[in-house]
Amino acid sequence: MAFLAVVPLILLRLTLHGVADPDTFWHIRAGQYLWGNWKFTSPDPWSPFSSRNWILHEWLPELGLAAAASVGGLPAVAWLTVAAGALLFLFVYLSCRSWAPILPATIASTAAVFGASASLTARPQLASFVLLAVFVGAWLRTTRDGKARWWLVPLTWFWACSHGMWFVGVMVGIATIGGMILDAPRAARPRAVRLLTVPVLGMLTAAITPAGPELLLAPLRVGETTDLVSEWSAPSLTDPNVAVTLAMVGGIALIWSRQGHRIPWTRLALLASGVGWTLLYARTVALGAIIVAPLLAEALQSMHPDERVTGTRAEHWTLVGGLGVALTVAALLVPRVASEPGMPNGLDPALSRIPPGSVVFDEYSLGGWLLWRHPQLRPVIDPRVEVYDTAYVRQHVRALAAMPGWQETLRRSGARYAVVPTDSALAAALSSQEGWTESDRSDGYSLLVKG
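Nothing here was measured: the structure is a model prediction, and the numbers come from that model.

Draft legend 1. The arrangement of the environment of G274 in detail. Note on placement: G274 falls in helix α12 (residues 265-280). Taking the C-alpha atoms as reference, G274 lies 31 Å from D382; in sequence the two are 108 residues apart. Once you skip the residues sitting within four places of it in the chain, G274 turns out to touch G288, I291 and V292.

In structure tokens:
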């Protein structure tokens, strides 16, 4: 139990960090926009280069991020990341604890948070990770008692208002029910089939959020440009979080192979789902780690079946106390760590002197920061790639690399200013071929001005 008490403090190493994710800044700006007008679907209000309606389908976390930034600045936003990480550990632990004693549950939960660590930044996706842990735990309990947990229906609506990965919860339900149908005797299968009402109703509620039915197609829009965004690339098997997640899968498979009985289809379906998400994209490794965690805890428990699974009051207080201490420590440390590493803050004075409404040719990762930090400017692109035509995004990528046609792309933008990496091909081309001059430099970025 002592291990359970210190794990939340250990996990601070994974969640307590500066606000460095480029997407965080535009999510804060989106929340500020919503607090002001409550428009969830509209033509993009910020960029003259967008060509598609902007659907604010992640509005609940965005409102929270904006409120936190308004009250406590970026330190408050950084603390929210720690709080979300604590909730993730809590709900994964509770899911694991339903099937295993304290030590196996703690090991599996810690491994799950580590597996998700590369994605634990101040973005709405944190809501998906926490809610996925809740859904996995709920559906696993359904495999035990056969009860429909109708509260998952409104929770699906809440999830759909929080992040675009809401459909993963629906898929977990369908996969689990499919396994239950295969596991059940023929006479009991109709009861399992009726459980499909829960994920189906949940999916229908996603169409009646404030963002409207267009929310159902939002993930497809992002999918058009996944090959251009690093987090949507295939995961590297050498990355520590990927290696830990695959080790969890390997541990489950090894233990199962030594058991002398048939593995339930429900477990096989969830394991297959977890492996699939782990190998799909770098961004979805976290989903795989969360899904397989209770399977690992259960597998570890099967090696010592006589150990007690039921919880105690002392365990509950240890868990709550450990999380409380971790959150308190984080609150004391965030003012010192919550800066904006990687963002060219040194360019602030120069950027502030640029006439309002000026177009700035920027790198993709800077667009969100510019929207938040310098809302008077008009960056040519930002991480909301779903509001831009796919051809436009690809032209921008080619222009940053100074590939053939880059001058025409720059001319069409009308930009007289550029903020790009100092060592980029475009920075060199602007200076040597077009006569642009470097006005300022900060944190690896240059502000270039047309001559």
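Draft legend 2. Summary view of the pattern of salt bridges. Across all of its chains, the model carries 12 salt bridges by this definition. Residue D145 is joined to R149 by a salt bridge in which the shortest nitrogen-to-oxygen separation is 2.7 Å. Residues joined by salt bridges that share partners form a network here, namely D21, D23 and R123.

Draft legend 3. Representation of the pairing of strand β5 (residues 417-421). By the criterion of burial, β5 is predominantly enclosed, with 5 of the 5 residues buried. Both strand β3 (residues 359-362) and β5 contribute to a ladder of 3 bridges, which runs parallel. Each bridged residue has a counterpart across the sheet, and for F361 the counterpart in β5 is A418. Of the pairings in the sheet, the one linking β5 to strand β7 (residues 445-449) comprises 5 bridges and is antiparallel in character. Residue pairing in the sheet places Y417 in a bridge with V449 of β7.

Draft legend 4. Spatial organisation of the layout of surface pockets. Here the second largest pocket is characterised by a volume of approximately 370 Å³. As for the second largest pocket, its lining consists of 19 residues, and the residues nearest its centre are P61, A84, L87, L126 and A127. Of all elements in the fold, only α3 (59-97) and α5 (125-145) reach the threshold of two or more residues within the lining of the second largest pocket. Counting residues per element, the lining of the second largest pocket draws most heavily on α3, which supplies 10 residues. In terms of residue class, the lining of the second largest pocket is built from 15 nonpolar, 3 polar and 1 charged.

Draft legend 5. Representation of the side chain of S128. Positionally, S128 belongs in helix α5. The exposure class of S128 is buried, given its relative accessible area of 0%. A distance of 2.8 Å separates a polar atom in the side chain of S128 from a polar atom in the side chain of W159. Within the structure, S128 has its side chain in polar contact with the side chain of H163 (distance 2.7 Å).

Draft legend 6. Expanded view of the packing of α3 against helix α14 (residues 313-337). Where α3 meets α14, the axes come as close as 9 Å, and the angle between the chain directions of the two elements is 165 degrees. Here α3 is positioned roughly antiparallel relative to α14, judged by the angle of their axes. The two elements α3 and α14 meet at a crossing, and its hand is right-handed. Contacts from P75, A78, W79, V82, A83, A86, F89, L90, Y93 and R97 in α3 reach E315, L319, L323, L327, A330, A331, V334 and P335 in α14. Within the contact of α3 with α14, the residues separate by chemical class into 16 nonpolar, no polar and 2 charged.

Draft legend 7. Just empty space enclosed by the protein, in detail. Counted under the stated rule, the structure contains 4 cavities of 30 Å³ or more. Considering only enclosed or pocket space, the largest cavity measures out at about 70 Å³ in volume. Every residue along the wall of the largest cavity is listed here: P8, L11, L12, T15, V82, G85, A86, V113, L323 and A326. Elements supplying a minimum of two residues to the lining of the largest cavity: α1 (2-15), α3 and α14.

Draft legend 8. Broad picture of the pairing of strand β6 (residues 437-442). Here 5 bridges tie β6 to β7, and the two strands are oriented antiparallel to one another. Within the sheet, the bridge partner assigned to T437 lies in β7 and is V449. Between β6 and β7, which pair antiparallel and follow one another directly, the connecting turn spans 2 residues, one of which, D443, has a positive phi of 50 degrees.

Draft legend 9. Geometry of the sheet that holds β3. What the 5 strands build is an open sheet, ordered β4-β3-β5-β7-β6; its pairing is mixed. Each edge of the open sheet is held by one strand with a lone partner, namely β4 (378-379) and β6. Taken strand by strand, helix α17 (residues 390-400) contacts β3 and β5, and its axis lies near 70 degrees from that of β3. Helix-sheet contacts for helix α19 (residues 425-433) involve β3, β5 and β7, and the interaxial angle to β5 is about 135 degrees.

Draft legend 10. Structural context of the packing of aromatic side chains. Applying the stated criterion to the full structure yields 13 aromatic pairs. Ring centres of W46 and W54 lie 4.8 Å apart, and the angle between their planes is 55 degrees; this geometry places the pair in the tilted category. Judged by its relative accessible area of 1%, W54 is buried. Relative to Y392, the ring of Y388 lies with its centre 5.6 Å away and its plane at 15 degrees, an arrangement referred to as stacked. Y388 gets classed as buried once you look at its relative accessible area, which sits at 0%. One aromatic cluster is present, built from ring pairs that chain together W35, W38, F40 and W59. Above the plane of the ring of W99 lies R144, whose end atom (NZ or CZ) is 3.8 Å from the centre. The ring of W54 carries the charged tip of R384 above its face, separated from the ring centre by 4.8 Å.

Draft legend 11. Structural view of a nonpolar patch on the surface. There is a patch of nonpolar side chains on the surface, built from F3, V6, I10, L103 and I107 and spanning about 430 Å² of accessible area. At the level of elements, α1 and α4 (102-116) are the ones that each hand at least two residues to the nonpolar patch. A per-element tally of the nonpolar patch places α1 first, with 3 residues.

Draft legend 12. Representation of α3. With 39 residues, α3 ought to run about 57 Å at 1.5 Å a step, yet its terminal C-alpha atoms sit only 32 Å apart, falling short of that. Its maximal kink placed at G72, α3 deviates by approximately 130 degrees, while the proline P75 follows within four residues.

Calculation rules
Residues numbered from 1 in each chain as written. Predicted model: local features only at pLDDT ≥ 70, side-chain atom pairs only at ≥ 80, totals over all residues. Heavy atoms only, no water. Helix = DSSP H or I, 4+ residues; strand = E, 2+ residues; numbered from the N terminus. Contact = heavy atoms within 4.5 Å. Salt bridge = Lys/Arg side-chain N within 4 Å of Asp/Glu carboxyl O. Buried < 20%, exposed > 50% of the residue type's maximum accessible area, 1.4 Å probe, protein only. Pairing = 2+ DSSP bridges. 1 Å grid on protein atoms, 1.4 Å probe; cavity = no way out; pocket = protein on both sides within 12 Å on 5 of 7 lines; lining within 4 Å. Points joined across faces, edges and corners; volume = space filled by probe spheres on them. Nonpolar A, V, L, I, M, F, W, Y, C, P; charged D, E, K, R; others polar. Polar contact = N/O pair within 3.5 Å; in protein donor to acceptor, adjacent residues only side chain to side chain. Axes fitted to C-alpha atoms, helices over the stretch in contact; angles between N-to-C directions. Parallel < 35°, antiparallel > 145°, perpendicular 65-115°, else oblique. Left-handed = near helix turned anticlockwise from the far one by under 90°. Phe/Tyr/Trp six-rings, centres within 6.5 Å; stacked < 30°, edge-to-face > 60°. Lys NZ or Arg CZ within 6 Å of the ring centre and 35° of its normal. Patch = residues over 30% accessible without salt bridge, like charges linked within 9 Å, V, L, I, M, F, W, Y side chains within 5 Å. Areas by Shrake-Rupley, 256 points an atom, 1.4 Å probe, with all protein chains shown as cover. Expected span 1.5 Å × (residues − 1). Bend = angle between axes of the 7 residues up to and from the residue.

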